[in-house]
Amino acid sequence: MDTRYDPKETEDRIYKRWEESGFFNPDVCVKRGVTKKNAKHFSIVLPPPNVTGTLHMGHAAMLAIEDIMVRYERMKGKKTLWLPGTDHAAIATQSKVEGIIYKKEGKTRYDLGREEFLRRVEEFAKESHDAITNQVRKMGSSVDWSREAYTLDAKRSRAVVTAFQKMYDDGLIYRGARIVNWDPKMQTTVSDDEVERVEEKAPFYYLKYGPFTIGTARPETKFGDKYVVVHPADKRYKKYKHAEKLNLEWINGPITATVIKDKAVDMGFGTGVMTITPWHDTVDFEIAERHKLDREQIIDNNGKLLSIAGEFAGMHIKKARPLIVQRLQEKGLLAKTDDSYVHNIATNSRGGGIIEPQIKEQWFVDVNKKFVIKKSKIKGVKSGSKITLKEMMKKVVASKQIEIIPRRFEKTYFRWINNLRDWCISRQIWYGHRIPVWYCVACGTPIVNPVIKSKWFLIRHGETDHNKGERMAGRLEASLNESGISQARKAADELKNHNIDLIISSDMMRCRQTAEIIAKATGAEIVYEKQLREQNHGEAEGMLRTEAFEKYGDTYSYEATIPGSEGYKDVEERAWKAFSHHKKSHHHRNVVIVTHGGVIRTLVKRIRNWDVEQMLSTPSIKNAAAIELDLASQCVKCKGDLYEQDTDTLDTWFSSGLWTFSTLGWPENTDDLKTFHPTSVIETGYDIIFFWVARMILMTGNLLGDVPFRKVYMHGLVRDASGRKMSKSLGNIIDPLDLIEKYGADATRLSLIIGSAAGNDMKLSEDKVRGYRNFSTKIWNASRFVLMNYKPSKVKPKFTAKDKKNIEELGKIKKRVAKYLEAFDFNHAAEVLYHYFWHTFADKIIESAKPRLNSENLSDKAAAQVVLMTILKESVKMLHPFIPFVTEEVWSRLPGDKKILMAEKW
RNA sequence: GCGCUCAUAGCUCAGUGGUAGAGCGUUUGCAUGACACGCAAAAGGUCCGAGGUUCGAUCCCUCGUGGGCGCACCA
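Predicted, not measured: the structure shown is a model, and the values here were computed from it.

Draft legend 1. Fine view of the overall build of chain A. Per the secondary structure count, chain A includes 29 helices and 34 strands. Along the three orthogonal principal directions, the C-alpha set of chain A runs to about 125 × 80 × 55 Å. Classification of the 906 residues of chain A by burial places 56% in the buried group. Just so you have it, chain A exposes about 40000 Å², and 50% of that area is on carbon and sulfur atoms. Between the averaged position of the 146 positive side-chain charges in chain A and that of its 119 negative side-chain charges there is a distance of 7 Å.

This is the structure:
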């Protein structure tokens, strides 16, 4: 044995041994007699790391703490499960991948299209996943890999859909138009919690608004402001009555303003007068709600001004602002400018842009609506009683059914719940769970999670030279040109993923060719249908559009205008008849309909229940573009049977909120669910108490009528040696893998445990890690010494009083450590052990044993040997949860049975 | 503005209603048959300030000072 312990040589080998032993899996522990069948359970789900990259020191701390708990409980004989997994982290991952692609290829997600973009994200997520699971192993985490889960895998997706449906049925999920946080950069809504306020210095303008002076930092929102609000108690504006109308000159000319009195106004701020923009401000929105005021959209989804802005319309707000100020100045409406104004602007914390509030139709979770809690396991709430999500969330913590460690975070928790508004759960990003709602194509009625009988695709043929040349090609035959062929191939490629059974195609050449390409890719049979032929243009066949237009007038009319031709009306009749007929006979098959631009327009008109005008004002779809429809049971409202799924995805926290039970097999009532839920502890950083902890409580309360966990243990943030947050921009990030490489996982773990209390941030320096690396070496060498002096003999040991005292002290240490561990005080547990092993065992007990080990008095010698071995064994066992690798390695070299240390009795 | 939190040795941090602790660092000895990633010693603190409760406060309470964090507002 070497005088230096080499973690690099040891750790991977030992982790492999653990994995192969199967003892990470509680079922194996029971089967192999390590755990009793009827033992109590101890379960933790690993807070799933985001697949946005690799693990940082915070994750390392989390893994260290959880592994201590888990190893301790396992050694104490509990049926112990630590369930690992990863989180798709929808918006964060998408944002990250979008950034990478843009940087590398200069392309946006729209350039790639939904399918290709998602493929790229999945690829990235896979790499992250592999890096993460490798790191989790390197840390020595005793997680049960056989149960590993991903928030976006099939089982978890099923849980998400089931959850959505139940909450929808309970009336807790609703769709409504409300003001939301819109991120123009990522083109999506974000939840209130994901909005991060950043300080900004901006000029503050005082504007003349009739007899009033109003202040604003955002003149570009002011176009539509026609309400002027003052506090009802403000004496300065006493002479203006509520609802009084005033005519005044504004940015783009004279307007009529209405005076509103509302307490939301802060009399002390600025002039105490404000105008409101309900469409783009939460407070203004609420004022408008209270007084039933008009709302008007000023800024579009891209941050550009709408037509209300007059000549500024179409301009980005950033560009428009100085011009608008200039205009105001020219009109004499600018009273003064304050350049020292500092305010907070809302940004999307997940790598997005500056938030522009918008009123949008979105899906929400209603936190104030009562629902019936059917089978309640919540203290103080009877089965069958009614409760709101907010009330339930408060109750479980107030009643101590869930204990938060450290206690002070309860206050933070309650505060958050009190301020909680309905949770916007729909996102316009692509990576995530599609919202499981379909809309009837004809009337828009929503249906949650319907049984889809089949998929129907309407696809236009690929390009021909006639298309390209803007020629009237109705019945005129033409074949695909080169780009038409490649368009068709691309379309066929995507259709491959949909198990196409049948292709119904127009029998004209351009469609036949397209259909054949699709058939080749999908293996589906083709049926030709004459009724799907393109509109007959009669005399005008072969003419340029412009020529025909001159000669016959409107060539796009509903009624036929060209001699010998069909109008759209005629096409609609035959095409719809054919479509309906095929739909009836092939409703159980996935069908691709290949036809022409004009035919698709008329079919879409029928399917979507449009009027003629709407059809005519909607342009033809592009060559080889497809419309995807789902066929399901008849719509309750209009009897239609074609549906489209909502294109939005769910907030990532919707799926992670189910984590404690979706990982255990819910909605199936599995053995795992019965055994391990509610979980014993959730251990996480205090920074995600709202995002995650609170939402798990919310979801579990509604879906299971229970709590997700008994205890919440929150660790602090890991900071650098001078207390700064570790971040890329500061360049002070310490990679856990580097530390492990240099000093070993044991040392890395201990340095994250000792000297840090629950909920308090910890500072980490390499010096500290080095110190604990030295401790590993100490254990190694002390063990070496005990071993090389341990020669079992037949002589009966004769123990001294000191020996007995030492053994007694060992027992006391054990009790103290256990007490600390059970109080989640890992810091002290580890410190006590550290101190005991080094300064009591190694420095005192071993030192004083040295002469006895060389003694001629054999029974005294034997006693010394036995005492040293006993203490060593016990110490190594106690230390194992903290520094599993060295202890396991030492254990394997001790005499006696060769059981694995992680499965020993503590 | 509301709330939380921290202030103890040079540094990083534990801690307790009764004479102050650890690691690292510093100083001084030691190549002592486990270990120099070590051993043996040592120096080093008005426990942020003021007041209060108490027989007694570093600890409990109040106020203050200075850091950190969260939430809300920001027209």
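Here the narrative resumes.
Draft legend 2. Summary view of the sheet that holds strand β19 (residues 403-405). Spatial strand order, β19-β32-β31: 3 strands in an open sheet with parallel pairing. What marks the edges here is a single partner per strand, and that holds for β19 and β31 (679-685). Ignoring strand direction, the axes of neighbouring strands in this sheet form an average angle of 20°. Here helix α3 (residues 57-75) sits on the sheet and contacts β31 and β32 (709-715); the angle it forms with β31, its principal contact strand, is near 155°.

Draft legend 3. Region of interest: the protein's contact with RNA strand B. Contacts to RNA strand B come from 36 residues, most closely from G215, M274, Y341, T777 and R784. When atoms of RNA strand B within 4 Å of the protein are sorted by moiety, sugar and phosphate together comprise 64%. One of the backbone N or O atoms of T216 is found 2.7 Å from a sugar or linking oxygen in RNA strand B. G755 has a polar backbone atom sitting 3.4 Å from a sugar or linking oxygen of RNA strand B. At the level of elements, β9 (212-216), β15 (342-348), α11 (409-419), α25 (766-788) and α27 (826-853) are the ones that each hand at least two residues to the surface near RNA strand B. Within the surface near RNA strand B, the residues separate by chemical class into 10 nonpolar, 13 polar and 13 charged.

Draft legend 4. Looking closely at the side chain of S141. Locating S141 in the fold gives a position in the loop between α6 (114-138) and β4 (149-150). A polar contact of 2.8 Å, which involves the side chain of S141, links it to the backbone oxygen of V136. With sequence-adjacent residues up to four places away left out, S141 is seen in contact with Y15, F24, L63, D67, W82 and V136.

Draft legend 5. Structural detail: the sheet that holds strand β29 (residues 642-645). Read across the sheet, 8 strands follow the order β23-β22-β29-β28-β24-β27-β25-β26 without closing on themselves; strand pairing throughout is mixed. In the strand order of this sheet, the two ends are held by β23 (446-448) and β26 (525-529), each with one partner. Direction aside, neighbouring strands of the sheet carry axes that sit 30° apart on average. Across 3 bridges, strand β22 (residues 437-440) lies against β23 in antiparallel orientation. Looking across to β23, one finds that Y439 is bridged to P446.

Draft legend 6. Looking closely at the pattern of salt bridges. The full count for this structure, using the stated rule, is 63 salt bridges. Across the salt bridge formed by R147 and D672, the nearest N and O atoms sit 2.7 Å from each other. Pair noted here: R147 is in the loop between α6 and β4 and D672 is in helix α21 (residues 671-676), with a separation of 525 residues, a long-range link. Take R147: its relative accessible area is 12%, and that puts it in the buried class.

Draft legend 7. Here's a closer look at the packing of helix α24 (residues 745-753) against helix α29 (residues 884-893). In the contact formed by α24 and α29, the axes pass within 7 Å of each other and the chain directions differ by 135°. Between α24 and α29, the interaxial angle falls into the category oblique. Here A745, D746 and R749 of α24 lie close against α29, whose contacting residues are P884, F885 and V886.

Draft legend 8. Summary view of the pairing of β26. The pairing of strand β25 (residues 502-506) with β26 spans 5 bridges and is parallel. The residue of β26 that forms the bridge with I504 is V527. Handedness of the crossover is the feature at issue here: the chain leaves β25, passes through helix α14 (residues 509-522), returns alongside β26, and the resulting connection is right-handed.

Scoring rules and cut-offs
In every chain, residue numbers begin from 1 and rise along the written sequence. Lettering of chains starts at A and numbering of ligands starts at 1, both following the order in which they are written. A pLDDT threshold of at least 70 governs which residues receive local features in this predicted model, and a stricter bar of 80 or more applies before side-chain atom pairs are shown or counted, although totals over entire chains, interfaces and linings include all residues. Side-chain figures throughout are based on the complete set of non-hydrogen atoms in the structure, without hydrogens or water. Numbered from the N terminus, helices here are DSSP runs of H or I no shorter than four residues, and strands are runs of E no shorter than two. Each residue is placed in one exposure class: buried if its accessible area under a 1.4 Å probe, protein chains only, is under 20% of its type's maximum, exposed if it is over 50%, and partly exposed if it falls in between. Areas reported as accessible are Shrake-Rupley estimates using a 1.4 Å probe. Residue values count occlusion only from the protein chains shown. Think of it this way: Lys and Arg go in the positive column, Asp and Glu in the negative one, and His and the chain ends go nowhere. A single reference atom marks each charge: NZ on Lys, CZ on Arg, CG on Asp, CD on Glu. The pairing criterion for strands is at least two bridges between them, as found by DSSP. All axes are obtained by fitting lines to C-alpha atoms, using only the stretch in contact for helices, and the reported angles, taken between N-to-C directions, cover 0 to 180 degrees. Note on definitions: a residue-residue contact is assigned when non-hydrogen atoms from the two residues lie within 4.5 Å. Only a single heavy atom is needed: when it lies within 4 Å of a molecule or strand, its residue is near that molecule or strand. Polar contact is defined as a pair of N or O atoms within 3.5 Å, subject to the rule that within protein one atom must be able to donate a hydrogen and the other to accept it, and that residues adjacent in sequence are counted only when both atoms are side-chain atoms. Residues are grouped as follows: nonpolar covers Ala, Val, Leu, Ile, Met, Phe, Trp, Tyr, Cys and Pro; charged covers Asp, Glu, Lys and Arg; every other residue, Gly included, is treated as polar. By convention in these notes, a salt bridge is any Lys or Arg side-chain nitrogen within 4 Å of a carboxyl oxygen on Asp or Glu. Our angle categories are set so that under 35 degrees counts as roughly parallel, over 145 as roughly antiparallel, 65 to 115 as roughly perpendicular, and the remainder as oblique. Place the viewer so that the strands point away; then a crossover is right-handed whenever the path from the first strand over the helix to the second strand goes clockwise.

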